[in-house]
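# Architecture at a glance
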Amino acid sequence: MAPVRILAPAKVNLFLHVGPVGADGYHPLSSLVAFADVGDSVTVETAGRLSLTVTGPFARGLDDAGDNLIFKALRALGQAAGGGEPPLAAALDKQLPVAAGLGGGSSDAGAALKAARDLLDLALDDDALAGIAAAVGADGPMCLHARAAWAEGRGDRLTFEPRLPPLPALLINPGVPSPTGAVYRAYDEAGAGGADRPDPPANWTPASVIRWLTDQRNDLEAPAVSLQPAIAAALSEARRLPGVRLVRMSGSGATVFALFDTVEQAAQAAGRLTKARPDWWVRAATLR
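Quick summary incoming for the structure in this document. (Residues numbered from 1 in each chain as written. Predicted model: local features only at pLDDT ≥ 70, side-chain atom pairs only at ≥ 80, totals over all residues. Heavy atoms only, no water.)

Along the backbone of the protein chain there are nine helices and ten strands. Computed over its C-alpha atoms, the radius of gyration of the protein chain comes to 19 Å, within 12% of the 19 Å expected for a compact globule of 288 residues. Taking the principal axes of its C-alpha atoms as reference, the protein chain extends roughly 55 × 45 × 35 Å. Out of the 288 residues in the protein chain, the part that is buried amounts to 51%. Across the protein chain, contacts joining residues at least 24 apart in sequence account for 74% of those joining residues at least 6 apart. (Helix = DSSP H or I, 4+ residues; strand = E, 2+ residues; numbered from the N terminus. Rg over C-alpha atoms; globule rule 2.2 N^0.38 Å. Buried < 20%, exposed > 50% of the residue type's maximum accessible area, 1.4 Å probe, protein only. Contact = heavy atoms within 4.5 Å.)

Written as structure tokens, this is what we have:
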């Protein structure tokens, strides 16, 4: 059987409203999530045993491949399919920064599940795979579907949003990690925010969606900036780009996104910022 390769797209939280931690230890949230046309790629092929190789510019950012979420997802798939550990060789081309607020690990796991399903011709649709993807974390099902959606609860209660138009964007990471646990602890100390879900925009054109998004927020942005001042530098640089309409941090950081009216503006901004900050990771993308 020929190997199967799947894109693991970057996830972007267009807004992220976070409530105080509950008795269960989780923070309720409300978010509108989109996915970019850039990301990692995962290739799966049959083999004698389960294995994973990691290459790419951010391969060294993964401390222990044995703990990679791809392993966890594929083992859960084997259990759900009624077998043991699946004899598959997975290869991850790690193009997204690690601990970057882009859902990279969960998206990698989702891509691995889809690739394994297709390779082995398993009778599992995406909804069934999403149930398996929950084994990697609350955002596992969201990243498995890789579709624009409202996410609520722990991030696992999804309502797909087909009205979201393509949004030309720039993704910017200043080269520092932003561990989720540390950011949430800083958020708890600040004691702000709330998991409110805003009313949707009246019109779903790119311009009206961007205007609507300016009234929303990312409640984790301030605590992340307090821990990593480089995020503030990325936000500031992005706000100075010609034609930029909205700048915000994604997830728990450290990646910042900037929205534009056209793909041409986003591409020009990418070139400009890459020249000014060659040490940063900068990618033009379309969010859908």
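There is more to say after this.
Moving on: the pattern of salt bridges. For the coordinates displayed, the defined rule picks out 14 salt bridges. In this structure, Arg-117 engages Asp-118 in a salt bridge whose closest nitrogen and oxygen atoms are separated by 2.7 Å. Asp-118 gets classed as partly exposed once you look at its relative accessible area, which sits at 40%. Within this structure, Glu-237, Arg-240, Arg-277 and Asp-279 form a network of salt bridges that share partners. (Salt bridge = Lys/Arg side-chain N within 4 Å of Asp/Glu carboxyl O.)

For the rest of this paragraph, the subject is helix H6 (residues 206-213). One turn of the α-helix equals 3.6 residues, which is why residues spaced by three or four share an orientation. Of the positions making up H6, those classed as buried are Ser-208, Val-209, Ile-210, Trp-212 and Leu-213. Check the buried side of H6 and you find it contacts strand E1 (4-18), strand E2 (29-46), strand E5 (149-153), strand E7 (167-173), strand E8 (246-249) and strand E9 (256-259).

This part takes up the environment of Ser-236. Within the secondary structure layout, Ser-236 lies in helix H8 (residues 229-239). Along the sequence, Ser-236 and Val-247 sit eleven residues apart, while their C-alpha atoms lie 8.9 Å from each other.

With that out of the way, let us pick up unusual backbone geometry. With an omega dihedral of 10°, the bond running from Gly-253 to Ala-254 counts as a cis peptide bond. Relative to the elements of secondary structure, Ala-254 occurs in the loop between E8 and E9. With phi around 55°, Ala-99 is a residue other than glycine that occupies positive phi space. Turning to its location among the elements, Ala-99 is positioned in the loop between strand E4 (88-93) and helix H2 (104-120).

We now examine the packing of aromatic side chains. The tally for this structure, following the rule as stated, stands at three aromatic pairs. Relative to Trp-212, the ring of Phe-15 has its centre 5.8 Å away and its plane inclined at 80°; by these criteria the two rings are edge-to-face. Taken together, the residues span a long stretch of sequence, with Phe-15 in strand E1 and Trp-212 in helix H6 at a distance of 197 residues. With respect to class, Phe-15 is no different from Trp-212; both count as buried. (Phe/Tyr/Trp six-rings, centres within 6.5 Å; stacked < 30°, edge-to-face > 60°.)

Looking at where Lys-11 falls in the secondary structure, it is placed in strand E1. Asp-139 provides the closest opposite charge to the buried, unpaired Lys-11, separated from it by 4.2 Å. A polar contact of 3.5 Å, which involves the side chain of Lys-11, links it to the side chain of Asn-13. Residue contacts for Lys-11: discarding those within four places in its chain leaves Val-33, Ala-34, Phe-35, Gly-101, Leu-102, Gly-103, Asp-139, Met-142, Cys-143 and Ser-250. (Lys, Arg positive; Asp, Glu negative; His and termini not counted. Polar contact = N/O pair within 3.5 Å; in protein donor to acceptor, adjacent residues only side chain to side chain.)

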